[in-house]
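Chain by chain, the residues run as shown.
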Amino acid sequence: MDKSDGCCSTHLIDGDGNFNVDGIENFMKEVKLAECGLSYAVVSIMGPQSSGKSTLLNYLFGTNFREMDAFKGRSQTTKGIWMARCVGIEPCTLVMDLEGTDGRERGEDDTAFEKQSSLFGLAVSDIVLINMWCHDIGREQAANKPLLKTVFQVMMRLFSPRKTTLMFVIRDKTRTPLENLEPVLREDIQKIWDGVPKPQAHEDTPLSEFFNVEVVALSSFEEKEEQFKEQVEGLRQRFFHSIAPGGLAGDRRAVVPASGFSFSAQQIWKIIKENKDLDLPAHKVMVATVRCEEIANEKFSSFIANEEWRQLEETVQSQPVPGFGRKLSSILDACLSEYDAEATYFDEGVRSSKRSQLEEKLMQLVQPAYQFMLGHLRSGTLDKFKEAFDNALNSGKGFAVAAHDCTEYFMSQFDEGSADAEIDQANWDCSRVRDKLQRDIDAHVAAVSSAKLSELTTTYETKLNEALSGPIEALFEGANSDTWPAIRKLLQHEIEIAVAEFSGALSGFEMDEEVKDKILLRLKEHARGLVEAKAKEEAGRVLIRMKDRFSTLFSQDSDSMPRVWTGKEDIRAITKTARSASLKLLSVMAAYRLDDGADTIENTLSLALMDPKNGASTNKGTSVDPLASSSWAEVPASKTLITPVQCKSLWRQFKGETEYTVTQAIAAQEASKRNNNWLPPPWAIVALFILGFNEFMTLLRNPLYLGVIFVGFLLVKALWVQLDIPGEFRNGALPGLLSLSTKFLPTIMNLLRKLAEEGQGRANPGPQHNPSVAAKKFENGASDLSSSTSSEVTSSRNGTEYSSKENYSKYGYPFIKQASSFSSPAEAPAWGGGGKAYDYIIIGGGTAGCPLAATLSEKFSVLLLERGGTPFANVNVSFMQNFHISLADTSPNSASQVFISTDGVFNSRARILGGGTCINAGFYTRASSSYIKRAGWDAKLVNESYPWIEKQIVHRPKLGPWQKALRDSLLEIGVSPYNGYTYDHLYGTKVGGTIFDRFGRRHTAAELLASANPEKLDLLVHATVQKIVFDETGKKPRAIGVIFKDEKGMLHRALLSNKYRSEIIVSSGAIGSPQLLLLSGIGPKADLEKFNISVILDNEFVGKGMSDNPLNTIYVPTSRPVKQSLIQTVGITKMGVYIEASSGFGQSSDSIHWDHGLVSAEIGQLSTIPPKQRTHDAIQAYKKRKGNLPHEAFMGGFILEKIARPLSTGQLILLNTNVDDNPSVTFNYFSHPYDLQRCVDGIRLTEKILRSKHFTNYTKCNNETVEKLLNMSVNANVNLIPKHTNDTKSLEQFCKDTHITIWHYHGGCHVGKVVGPDYRVLGVDRLRVIDGSTFSDSPGTNPQATVLMMGRYMGMKILIERLGRAAGV
Ligand SMILES: Cc1cc2nc3c(=O)[nH]c(=O)nc-3n(C[C@H](O)[C@H](O)[C@H](O)COP(=O)(O)OP(=O)(O)OC[C@H]3O[C@@H](n4cnc5c(N)ncnc54)[C@H](O)[C@@H]3O)c2cc1C
């Protein structure tokens, strides 16, 4: 591009016809052509070569086209087409210098280029200057003729030609005036026009239609330069405002806006080159299309880059933008206005269509932002609605009104907001968003409504619960004839109140009547259901209630004063009254009587149970038992709470259990009668009468008589020792009296009998059966127990034991006998013949064994063999306050047998009828439902078996203060939710059941035997099974019987019947069962052979996988005495740790003189003694000194932390072949790192409890630091594990050094390893194991519930397996 002399020019098309695109673009920028809109003009010049065209242009327009150098000859100067901007002419005028038409260089062949350039000139220019020599005018061979011809010809090729101004510039004019020249020239032109062939449409079209013809003449530049310049100056004036109306330019029909000029020129040249017709209007549209598109794209891009828009878009994605619509509309408007401004000169149709497209694109671009905005509006409005709605409800506004008002207000808020977000350029519909908001609001209202309704329902249900539960319980407790009418009245009254209040509360909801009625009906049903549930619950504990009522009426007189059995009372009548009152209770509880209607239950019961003879006669002499039915005549099954047959069984149990009280009373009365007999004996009266007073007195003073007095004294002293009177009273007055009253008479008899035997023995000194040898044979070493086989009752320090002649019927268990009473000796000739054979022999009358035996005896003959004695009169077992005494009692006839695992932890196993339930802490809680599932148990049967246990022996605990403090602290530190009193295993904190009743009396598995069929059950106590005997003649070894040892050390055998389903079931507990299998020849071969046990089945898994849940305790001293409590509350965490607690010291203050040995729970109280004094020797010394300790030293309690499902396992192996000795047991506590980790987590949790407000408020201890408590706990600890100095610094070390056991050990006979899923021992026939030894995990937080349940469950399973429907399930 040439920019010299202030002019700007470019070589537009070169000599080869190439269009210089870059050149023109730069040129346009330089001259700012795009800004001119339509205000510009294009001039071109044509003419013969070397006719001075460039010179003319340079003078005329101030351009700088290269002129011909006169000295270089007439060689061509302009090749192709040049373009320049005219200098100083307004409007902007572009001028094109076209290559000369007759140039020598191009020759004739180049006419094509001449034509093309001429056509281009005509198409693009408003004014075409035709340079011509003056002397050519009127000449036939004028140089311009071909040019003009060409011009006219190509003009025809313009599809719709524009009117162009043809200005003929006559150069070097002669003297001939222009007036003369012009007509000639015009004539020439006309001739040429006429001679040009035209398309038919233009055949008659005059030249003026296409051209304005102008003629100017200029003097010769070379000869008359001054004149030439003057004329040129004059001509130049004509080019000013050439495009104004009447100006020089043509009609400008095809003019394109300046910004499209470059593109338009390119396209025109392209079409010309392709030799196509040039349709200028279409071309104009095409240029407009391209340019408008370009402008639109450019505006679109600049919109995207617009900072304001970008910020708006970014902000609206995260939050609503106030004035969104206004802001965005204005940005859009600016963009579109810019488009409009730039595209304004282009074809309108094209322009507006491109505008619409641009608008559409812009709308698409901004729509998401708009949607965001609406989204914010919707969610914001919804949130505000919720808040306002809540506030409205809280302020007491009626529900329906609040919902309506808030909805209306916030929908209008949304409408306002959406109007504000609207964009002027768009016509978007926000109704979908609005609808969604409406739906959301409606849904929220509905949700709140149902929540409020259910809250209201719960409130009124709770009110009903509160209003009904207590009174109903009280009514049932004092059950009499008025109970059900009173309940009905109470129910109706409370329902009326609740319904009235509830209706009032519902009025705000404006619901339709039908719905309201349904809700109220549900409330009424709830109330009735509540009564029903209460009635069922009470029916479940009717036996306890009956016993309570009996003992209240029996032991208290009409003034509620305790009776003293003086001898005047009519015990028979009192018993009858107390029984009939209890029977009344039973009759009230037997049916659910919420609807009016009489029944005869009371009458039936009374006739059948109180007056059986009359009862039979009312049955018209037939012997039909009115209670041998499972339904009452007038009562439908749905309303039966206790069936007749259940009543009968309950009555039997009730009578059995109250019998003891009656016999005690009779004994007391007799004793009292004897004591009150103050008169001298008859012989003394006779002597007095015969001898007279003085003689009698003399006789009395006789020394011989004094001797007699001395003998009497010795006798009393002997009784004092024999009865162990101080020992009996150490557990309190009541148990002492109870125990003494049973022992007194038999002991006297015993003494007398001994004296008689002594006398006889001396008389017959022959070698007879020596009782002391028999006593020695009894390997428990209970020599004092059986020091005389003929004695009926002997006493031990631990309670009362009954000899072979003891009759357990008085406890309601006629089937219990001493083992020695069993008739078959072990030496019987063959296992196959003789003696009674049983369908089932159960080894171990423990937690699982008792319910199992009771259940199986319903249909089959059962022999239950238990190595221990009975719990019924054992005060250590019966009273919670003596919990620790059994554990501490290491004597051979203790209910608990101590063992120490090789890990160094003291442990205990039960040795008594009732098993673990007789010595445990009583906490009762079920297994989780996932445990039941994992065990593969039938959930329905499980859910029937648990209640079977619960209604017989489980009680709701009276929550002790320590347990309450733990409960509240657990909740405070987040072990939640609170699940209340429940047997279920649920995460959070709960209170579980207990087998201790509210008087602290323990109810054991042995009591479940009351449900047994006495006809089919034989139960031997003190029967220690030595081994199971197998028949090995078949394919598989087959269990056929057992050998057991009685209390005298004699061996017996018991036979299994030959029926193929008969089975021996081992229920000897997690230590006893694997031990017995090993002793019977089932176990790892090498281990068995070590003890010369003949191998029945080589099974390496027997005794393997033994596991015990480690227990770590934190001792917490208190500043005041704490009430005794065993476990009642538990925290079930998700980290696999259970938190429980125990507190207080059960015995009376003087009992601390008693030595409980190393395993004593009270040893923990040592922590209150300064640590330095707590060496091993100090402990021994302490035991001696502790009698002098103040009682306050025994204050405080423990927080217990138990790990669920320990992964550490160990094993059980025999140490010898004596079944009475403990095998070696190893648990490998904390050998798995995960167990240790959980222990540490648990201790941390415990620390939180210690620091919790509730706990510190309760303990009121001197804000001890946790480290101090840990230190106390280390020192309070009772195990044989060496302690470390960092015990209180490292929780890991603390866990390892101080753990004890919570006695939940299990395993040894795992399912899948030793027994199959049906608990049958793998590899042998007719043998099962059913107890805690089969568990891989201990169930629930504490296992007894599930072991008890398992006994019942498996009993039922076996019955169903064997009998199907006939099992009666
Ligand atoms: C001190 C202590 C406190 C506990 N506290 C709780 C608690 O609060 N809550 C809870 O849920 N669980 C508690 N448990 C655990 C629970 O009591 C036991 O897991 C459960 O009783 C075990 O039942 P079992 O049937 O497997 O064995 P056991 O109940 O021990 O029954 C086995 C029976 O077999 C007898 N026997 C053994 N060998 C022979 C033989 N060779 N011949 C004849 N008879 C034999 C035994 O004398 C015993 O009676 C506690 C346990 C103990 C020891």
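Residues numbered from 1 in each chain as written. Predicted model: local features only at pLDDT ≥ 70, side-chain atom pairs only at ≥ 80, totals over all residues. Heavy atoms only, no water.

As annotated in an unreviewed UniProt entry, the chain is Protein ROOT HAIR DEFECTIVE 3 homolog from Forsythia ovata. Looking at the chain in UniProt, the text filed under Function (unreviewed entry) is "Probable GTP-binding protein that may be involved in cell development." What UniProt states about the chain under its Subcellular location (unreviewed entry) heading is, verbatim, "Endoplasmic reticulum membrane". (UniProt positions renumbered as here; feature names shortened; annotations may be inferred.)

S.K.: Could you clarify how one ought to interpret the overall build of the chain in this entry?
M.R.: In terms of regular secondary structure, the chain is built from 39 helices and 35 strands. Residue pairs at least 24 apart in sequence account for 73% of intrachain contacts in the chain once pairs closer than 6 positions are excluded. (Helix = DSSP H or I, 4+ residues; strand = E, 2+ residues; numbered from the N terminus. Contact = heavy atoms within 4.5 Å.)

S.K.: Quick question: what am I supposed to make of the nonpolar core here?
M.R.: A general trend in soluble globular proteins is that nonpolar side chains are found buried together. If you look at the biggest cluster of nonpolar residues, it comprises 177 residues, and the most contacted ones within it are Phe120, Phe152, Phe211 and Phe324. Among the elements that make up this core, the one with the highest residue count is helix α11 (residues 348-394) (15 residues). Ignoring sequence-local partners within four residues, the contact set of Phe120 consists of Leu12, Ile13, Phe19, Ile81, Met96, Ala265, Ile268, Trp269 and Ile272. Counting residues in hydrophobic clusters, the runner-up holds 160 residues, among them Ile932, Leu1088, Tyr1305 and Ile1358. (Core = buried A, V, L, I, M, F, W, Y, C linked by side-chain atoms within 4.5 Å. Buried < 20%, exposed > 50% of the residue type's maximum accessible area, 1.4 Å probe, protein only.)

S.K.: What's the story with the sheet that holds strand β17 (residues 978-981) in this structure? I'm lost.
M.R.: What links the strands of a sheet is backbone hydrogen bonding, and the strands pair in either a parallel or an antiparallel sense. Overall, mixed pairing links the seven strands, which are arranged β17-β18-β29-β30-β31-β28-β34 in an open sheet. Each having just a single partner strand, β17 and β34 (1300-1301) make up the two edges of the open sheet. Against the sheet, helix α35 (residues 1233-1251) engages β28 (1110-1116), β30 (1137-1143) and β31 (1197-1203), with an angle of about 150° to β31. Each of β28 and β34 is contacted by helix α38 (residues 1291-1298), which is oriented at about 105° to β28, the strand it contacts most. (Pairing = 2+ DSSP bridges. Axes fitted to C-alpha atoms, helices over the stretch in contact; angles between N-to-C directions.)

S.K.: Would you mind showing me how to read the pairing of strand β12 (residues 840-843) here?
M.R.: Where a strand is regular, its side chains alternate between the two sheet faces. The alternating pattern of β12 places Tyr840 and Ile842 on one face and Ile841 and Ile843 on the opposite face, and all of these are buried. Strand direction decides the pairing type here: β12 and strand β13 (residues 862-865), joined by four bridges, are parallel. The residue of β13 that forms the bridge with Tyr840 is Val862. One ladder, built from four bridges, connects β12 with strand β24 (residues 1063-1066); its direction is parallel. Directly across from Ile841, in β24, lies its bridge partner Ile1064.

S.K.: Looking at this model, I keep getting lost on the site of the ligand. Mind explaining?
M.R.: Neighbouring the ligand are 36 residues, the closest being Thr847, Glu866, Gly916, Phe923 and Gln1344. Within the backbone of Val1025, a nitrogen or oxygen atom sits 3.0 Å from a nitrogen atom of the ligand. Interatomic distance of 3.2 Å between a backbone N/O atom of Pro1343 and an oxygen atom of the ligand. Elements that contribute at least two residues to the shell around the ligand include exactly β15 (906-910), β21 (1024-1031) and α39 (1344-1363). Here the residues of the shell around the ligand sort into 15 nonpolar, 17 polar and four charged. (Near = heavy atom within 4 Å. Polar contact = N/O pair within 3.5 Å; in protein donor to acceptor, adjacent residues only side chain to side chain. Nonpolar A, V, L, I, M, F, W, Y, C, P; charged D, E, K, R; others polar.)

S.K.: Help me understand the packing of α11 against helix α12 (residues 399-421), please; the structure alone is not making it clear to me.
M.R.: Axes are the key here: two packed helices are described by the angle between their axes and the distance separating the axes. Look at α11 against α12: their axes get within 9 Å of each other, and the N-to-C directions meet at 155°. Taken together, the axes of α11 and α12 lie roughly antiparallel to each other. Every pair of crossing elements has a handedness; the one defined by α11 and α12 is right-handed. Counted together, Tyr370, Met373, Leu374, Leu377, Arg378, Thr381, Lys384, Phe385, Ala388, Phe389, Ala392 and Leu393 of α11 and Phe399, Ala402, Ala403, Cys406, Thr407, Phe410, Phe414, Gly417, Ser418 and Ala421 of α12 form the full contact between these two elements. Of the residues that constitute the contact of α11 with α12, the class distribution is 16 nonpolar, four polar and two charged. (Parallel < 35°, antiparallel > 145°, perpendicular 65-115°, else oblique. Left-handed = near helix turned anticlockwise from the far one by under 90°.)

S.K.: It is not clear to me how the packing of aromatic side chains should be interpreted in this structure. Could you clarify?
M.R.: One pass over the structure, following the stated rule, counts 39 aromatic pairs. When the ring of Tyr59 is compared with that of Phe221, the centres are 5.2 Å apart and the planes differ by 50°; the resulting orientation is tilted. In this pair, Tyr59 sits in helix α2 (residues 53-61) while Phe221 sits in the loop between β7 (211-217) and α6 (225-239), placing the two residues 162 residues apart along the sequence. The ring of Tyr987 has Lys1134 sitting right over it, with the charged end atom 5.1 Å from the ring centre. The ring centre of Phe1101 lies 5.2 Å from the NZ or CZ of Lys1313, which sits over that ring. (Phe/Tyr/Trp six-rings, centres within 6.5 Å; stacked < 30°, edge-to-face > 60°. Lys NZ or Arg CZ within 6 Å of the ring centre and 35° of its normal.)

S.K.: How should I be thinking about the environment of Leu1269 in this particular structure?
M.R.: When you line up the elements, Leu1269 lands in helix α37 (residues 1266-1276). Taking the C-alpha atoms as reference points, Leu1269 and Leu1250, 19 residues apart in sequence, are found 9.3 Å from one another.

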